[in-house]
Amino acid sequence: METSALPAPAFVPFPDDGSGYDTDVVIVGLGPAGGTAALALATYGIRVHAVSMFPWVANSPRAHITNQRAAEVLRDLGVEEEARRYATPWDQMGDTLFTTSLAGEEIVRLQTWGTGDLRYGDYLTGSPCTMLDIPQPLMEPVLVKNAAERGAVIGFHTEYLDHVQDENGVTVRLRDVRSGNVFEQRARYLLGFDGARSKIADEIGLPFEGELARAGTAYILFNADLSKYVAHRPSILHWIVNSKAGFGEIGMGLLRAIKPWNQWIAGWGFNMADGQPDVSDEVALEQIRTLVGDPDLEVEIVSRSFWYVNQQHANHYQSGRVFCGGDAVHRHPPSSGLGSNTSIQDAFNLAWKVAFVVKGYAGDGLLESYSPERVPVGKQIVARANQSRKDYAGLREWFDYDSDDPVKAGLSKLKDPSPEGVARRERLYEALELKNTEFNAQGVELNQRYESDAVVPDPDAGDEEWARNRELYLQATTRPGAKLPHAWLVGADGTRISTLDVTGKGMMTLLTGIGGQAWKQAAAKLDLPYLRTVVVGEPGTIDPYGYWRQVRETHEAGAILVRPDGYIAWRHSAPVWDDAEALQHLEAALASVLDRSAEQSTDGETAIASDSGRSTPPQYSTAAVPIAVPQATPEDASAVAGTQSNVITAEGGNN
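On a predicted model such as this, the values are computed, not experimentally measured, just so you know.

The rules we used
Residues numbered from 1 in each chain as written. Predicted model: local features only at pLDDT ≥ 70, side-chain atom pairs only at ≥ 80, totals over all residues. Heavy atoms only, no water. Pairing = 2+ DSSP bridges. Helix = DSSP H or I, 4+ residues; strand = E, 2+ residues; numbered from the N terminus. Axes fitted to C-alpha atoms, helices over the stretch in contact; angles between N-to-C directions. Contact = heavy atoms within 4.5 Å. Patch = residues over 30% accessible without salt bridge, like charges linked within 9 Å, V, L, I, M, F, W, Y side chains within 5 Å. Areas by Shrake-Rupley, 256 points an atom, 1.4 Å probe, with all protein chains shown as cover. Salt bridge = Lys/Arg side-chain N within 4 Å of Asp/Glu carboxyl O. Polar contact = N/O pair within 3.5 Å; in protein donor to acceptor, adjacent residues only side chain to side chain. Buried < 20%, exposed > 50% of the residue type's maximum accessible area, 1.4 Å probe, protein only. 1 Å grid on protein atoms, 1.4 Å probe; cavity = no way out; pocket = protein on both sides within 12 Å on 5 of 7 lines; lining within 4 Å. Points joined across faces, edges and corners; volume = space filled by probe spheres on them. Nonpolar A, V, L, I, M, F, W, Y, C, P; charged D, E, K, R; others polar. Expected span 1.5 Å × (residues − 1). Core = buried A, V, L, I, M, F, W, Y, C linked by side-chain atoms within 4.5 Å. Phe/Tyr/Trp six-rings, centres within 6.5 Å; stacked < 30°, edge-to-face > 60°. pLDDT = per-residue confidence, 0-100.

1. As for the sheet that holds strand β15 (residues 263–270)
Thinking step 1. The sheet built from seven strands is open, its strands ordered β5-β4-β13-β14-β15-β12-β16 with mixed pairing. Since the sheet does not close on itself, it has two edges, and those belong to β5 (106–111) and β16 (300–308), each with one partner. The mean inter-strand angle of the sheet, taken between neighbouring strand axes irrespective of direction, is 20°.
Thinking step 2. In this structure, strand β14 (residues 253–259) lies alongside β15, joined through five bridges in antiparallel fashion. Across the sheet, the residue bridging to L254 is G267, located in β15.
Thinking step 3. Helix-sheet contacts for helix α8 (residues 281–292) involve β12 (216–223), β13 (237–240), β14, β15 and β16, and the interaxial angle to β16 is about 90°.

Listed below in C-alpha cells is the structure:
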C-alpha cells in the first residue's frame, strides 16, 4: 500500500506546538546517564525524546555499586525507594574477603562501602541516603519507566545516525532499525550519552587523553546457591587468591554477587596478547568451582563476556548545542564503583541547566558551566579507578614466586612465627589499609568542588583546608561549589527531613534562618517561579537537634543559594537585616549564576511560551491527564456523535 493511501496517524507523539521544534531535547543512549537525563528533564516539564538502538535496557549486570551521591540524585527525582526494592541493601554489601576460595582459607577481610565499625557513622552523617547495590539491568528500567510516566518519549530500536546543528537548534537523523525508516527530529539540544564508543563525541571532536584497552578481563555470569559460604559474612564482592584463579593485572580472581546469594559473576584477567581466553562450558565450570572451592558445585552458566581496561577521559564535554556525558567522556574500569555514579551525576548537572535555559530562566552562558564543572570530576575518577587496580600489588607481595605454587608457599611464609613472618604480616595489613581508598572512599564520592561561572566564590572564605584525607572522608561545607551538607531537620508532622529534601526538585533554593527575614522579604518581592525560600527554624523546617547550625558556616541571618542539583551557588555569610540590601545581593547572585542581567533574572515573565512550561503533563505522556470520555454504551454507538456536549473528565465532573 502506498504511503499516500494510509489514513492519518491515530496517535502523534510530537504534536506541533508552533515552536518549530519536534521536541526540546533529543537524548541518545538510555544507560544510567541517558536514563537520568530523560527522567530529570521530563520531571522539570521539558519535552524530551530519548532513544536507544537496542530493544531494551542493559542485558548484562555491568555497573552495580550505587554510592551516596547517586542515591541522592535518585531521591531528588523521587525514585530512590523504588530503586531500593531491587537492590542489595547496604548492610549486605560489605564484608569483603581476600581468600584462597569461598570455601577455603581466608587471608584478610575488609569491611567495605562504609559498612564497617570505623566508617559507619561517617556515612550516616554525610547523607540521608545509604549506599546500595543495584545491577544496571535493574536500575535502568526504574529510570526509563519513570521518565516515560512523566512525559518523556522513549524510543527503543532507534539508531542515531548523525546531526547538524545551527544557531537555533539541532537536526538529528534517526533510523528505526526494524523497518529501516529514517526520520529527523528538530530539537533545541542534543545530549550524547551513547557509551564508550560514542559516535556523537567523535562527531563534535571532543579532545581525549589516555589509552584504551590496556588489560582484559573475562566475566562469566552464572547461577549457583552460594549462601552457605557467604550468608554469615555477606558481601557483594570477594577476591580469590589461588594459583588457578588467573591473576591478570589485579592478580586475583573475582566473585561478585548479582542476586544474593544465587546469581554471581566470576571474573579473571587474561593476557590480551594471547587473544580472548577459552571460556567454554568445561573451562568456565572449572574456574567457577576453583574460585568457590567446591569441586561438586552445581552451576548454570548464563552468559560470557569480555571487557577491557580503559584509562581515557575527555577534556571538554560540549560543542554548541551538543553535550556528551557518562561513558562517552570518561572511560575506565569498574574499580572503586565510580562509573554509573559519575554518569548519573553528569546528567543531573546538565539537566537542570538545559531546563532553565529552555524555560527562559537562564541565559545560554549557564550551559557553558557544564564542562568546567564535570571535566575535573571525570578526570579524577578515571585516575582513581585505574590507581585502585594498581593498589592491589601490596596484597600480592607475600606470594612466593620462586615456588611451583606461589600462593601455597607464600601462605606458609605468611603464617611463619619468625621475625620475617611478622614483617610480612605487617606489610599485608598496610596493603589492606590502602584498599580503603577504593572501598571506603566517601571523600572521592562526595567531595567534588565546582568552579565555574555558575558558582559565585565567597571572597572571605580563603582557600579550603582539608582536616582529614580528602579521598577517604567527606568534608561537609557550605562553601560555594560544594554539595549542600546533609543535616536532619524536623518537618511539620514531626518526622525527620533532610536539608536535601527541602531543596532541589528542579528549583533554586534560598536557605536562611529565622533571623534572615530580610532575605525572605527579598525573595518574596522577586516572586520568581524558579526560586523557593526555606527558613530553617520556621514550622516545617525546624532545627531542634542543632545539626544545621553546626554545618551552615553562616550567620543565622545570612543566606545560602542552592542550585537544583544540590550544589551551592552562592552564600552571604554575614547577617543582613535590611530588606533593600538583601534584595541587592540576591539579585546580583542570581544574575551571575544564571547568566542574566539583574533585570532579566528577576523577571518572572521571561519564560518562553511553549509546551515546556506547561502546567499539565503532555498528551503523549503515560501520566494521567484529564480527558473527555463520551457517555455512550456499545449498544448505543450511534449516539456517540451527539454526546460531545455531555462529557465527563477522567478526574470527575461534567464539562
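2. Some details on a nonpolar patch on the surface
Thinking step 1. Nonpolar side chains collect at one region of the surface, where M53, F54 and V177 lie side by side and expose about 280 Å² of accessible area between them.
Thinking step 2. For F54, the location among the structural elements is in the loop between β2 (48–51) and β3 (65–66).

3. Concerning the sheet that holds strand β24 (residues 531–536)
Thinking step 1. Pairing in this open sheet of four strands is mixed, and the strands run β24-β23-β25-β26 from one edge to the other. Of all strands in the sheet, those bounded by a partner on one side alone are β24 and β26 (568–572). Taking the axes of each pair of neighbouring strands and ignoring which way they run, one obtains an average angle of 20° across the sheet.
Thinking step 2. Examined bridge by bridge, strand β23 (residues 508–513) and β24 share six bridges and lie parallel to one another. Across the sheet, residue L511 finds its bridge partner in β24, namely V534.
Thinking step 3. Along the sheet, helix α15 (residues 517–526) makes contact with β23, β24, β25 (559–562) and β26, crossing β24 at roughly 160°.

4. Regarding the environment of S127
Thinking step 1. Mapped onto the secondary structure, S127 falls in the loop between α4 (120–126) and β6 (132–133).
Thinking step 2. In this structure the C-alpha to C-alpha distance between S127 and L138, which are 11 residues apart in sequence, comes to 23 Å.
Thinking step 3. Ignoring any residue separated from it by four or fewer positions in sequence, one finds S127 in contact with Q68, E72 and H486.
Thinking step 4. Within the local environment of S127, its side chain forms a polar contact with the side chain of E72, the two groups lying 2.6 Å apart.
Thinking step 5. A polar contact of 3.0 Å, which involves the side chain of S127, links it to the backbone nitrogen of C129.

5. Notes on the pattern of salt bridges
Thinking step 1. For the structure on display, the rule yields 35 salt bridges.
Thinking step 2. A salt bridge links R47 to D24; the shortest N-O distance between them is 3.7 Å. You can see R47 sitting in the loop between α1 (32–43) and β2 and its partner D24 sitting in strand β1 (residues 23–28), a full 23 residues away along the chain.
Thinking step 3. What makes R47 buried here is its relative accessible area of 2%.
Thinking step 4. Using a relative accessible area of 1% as the deciding quantity, one classes D24 as buried.
Thinking step 5. In the salt-bridge network here, residues are joined through shared partners; they are D17, D24, R47 and R188.

6. Concerning unusual backbone geometry
Thinking step 1. Each neighbour pair has its own omega, and for P260 with W261 the value is -10°, a cis peptide bond.
Thinking step 2. As for its placement among the helices and strands, W261 is situated in the loop between β14 and β15.
Thinking step 3. Unlike most non-glycine residues, W113 shows phi in positive territory, near 60°.
Thinking step 4. In the Ramachandran plot, D595 falls in the positive-phi region, its phi being about 55° despite a non-glycine side chain.
Thinking step 5. Owing to a relative accessible area of 39%, D595 belongs among the partly exposed residues under this scheme.

7. A word on empty space enclosed by the protein
Thinking step 1. Counted under the stated rule, the structure contains six cavities of 30 Å³ or more.
Thinking step 2. Taken as a whole, the largest cavity holds about 120 Å³ of empty space.
Thinking step 3. R69, E72, D76, L500 and G566 are, among the 14 residues lining the largest cavity, the residues nearest its centre.
Thinking step 4. The leading source of residues in the lining of the largest cavity is helix α2 (residues 68–76), at four residues.
Thinking step 5. Grouping the amino acids of the lining of the largest cavity by side-chain chemistry returns four nonpolar, three polar and seven charged.

8. A look at the environment of T125
Thinking step 1. Tracing the backbone through its elements, the reader meets T125 in helix α4.
Thinking step 2. By relative accessible area, which is 58% here, T125 ends up exposed.
Thinking step 3. Taking C-alpha positions, T125 is 18 Å from I542, a pair spaced 417 residues apart along the chain.

9. Details of helix α17 (residues 579–593)
Residues spaced three or four apart along an α-helix point in a common direction, a consequence of the helix completing one turn every 3.6 residues.
Thinking step 1. Across its 15 residues, α17 extends 21 Å between first and last C-alpha, which sits within 8% of the 21 Å expected from 1.5 Å per residue.
Thinking step 2. Looking one or two residues past α17, D595 carries a phi angle of roughly 55°, positive in sign.

10. A short note on the pairing of β26
Thinking step 1. Buried residues dominate β26, accounting for five of its five residues.
Thinking step 2. Note that β25 and β26 share four bridges and pair antiparallel. Bridge pairing in β26 links V562 to I568.
Thinking step 3. In textbook terms, the turn of a hairpin is the stretch between consecutive antiparallel strands, and for β25 and β26 this stretch comprises five residues, one of which, G566, has a positive phi near 85°.

11. Some points on the nonpolar core
Thinking step 1. Residues I27, L41, L531 and L590 are the most contacted members of the largest nonpolar core, which totals 97 residues.
Thinking step 2. If you tally residues by element for this core, the top one is helix α9 (residues 339–359), at 11 residues.
Thinking step 3. A257, F270, L395 and W398 belong to the second-largest nonpolar core, a separate cluster that totals 59 residues.

12. Considerations on the packing of aromatic side chains
Thinking step 1. The tally for this structure, following the rule as stated, stands at 21 aromatic pairs.
Thinking step 2. Through a chain of ring-to-ring contacts, three or more aromatic side chains come together here, namely Y189, Y317, F323 and Y370.

13. Side note on the confidence of the model for the protein
Thinking step 1. The pLDDT averaged across the protein works out to 90; a share of 90% of its residues lies at or above 70.
Thinking step 2. Ignoring residues within four places in sequence, the model shows residues 604–622, a span with pLDDT below 50, making 45 contacts including any to other chains.
Thinking step 3. Confidence over residues 636–655 falls short of pLDDT 50; this stretch has 24 contacts with residues more than four positions distant or in other chains.

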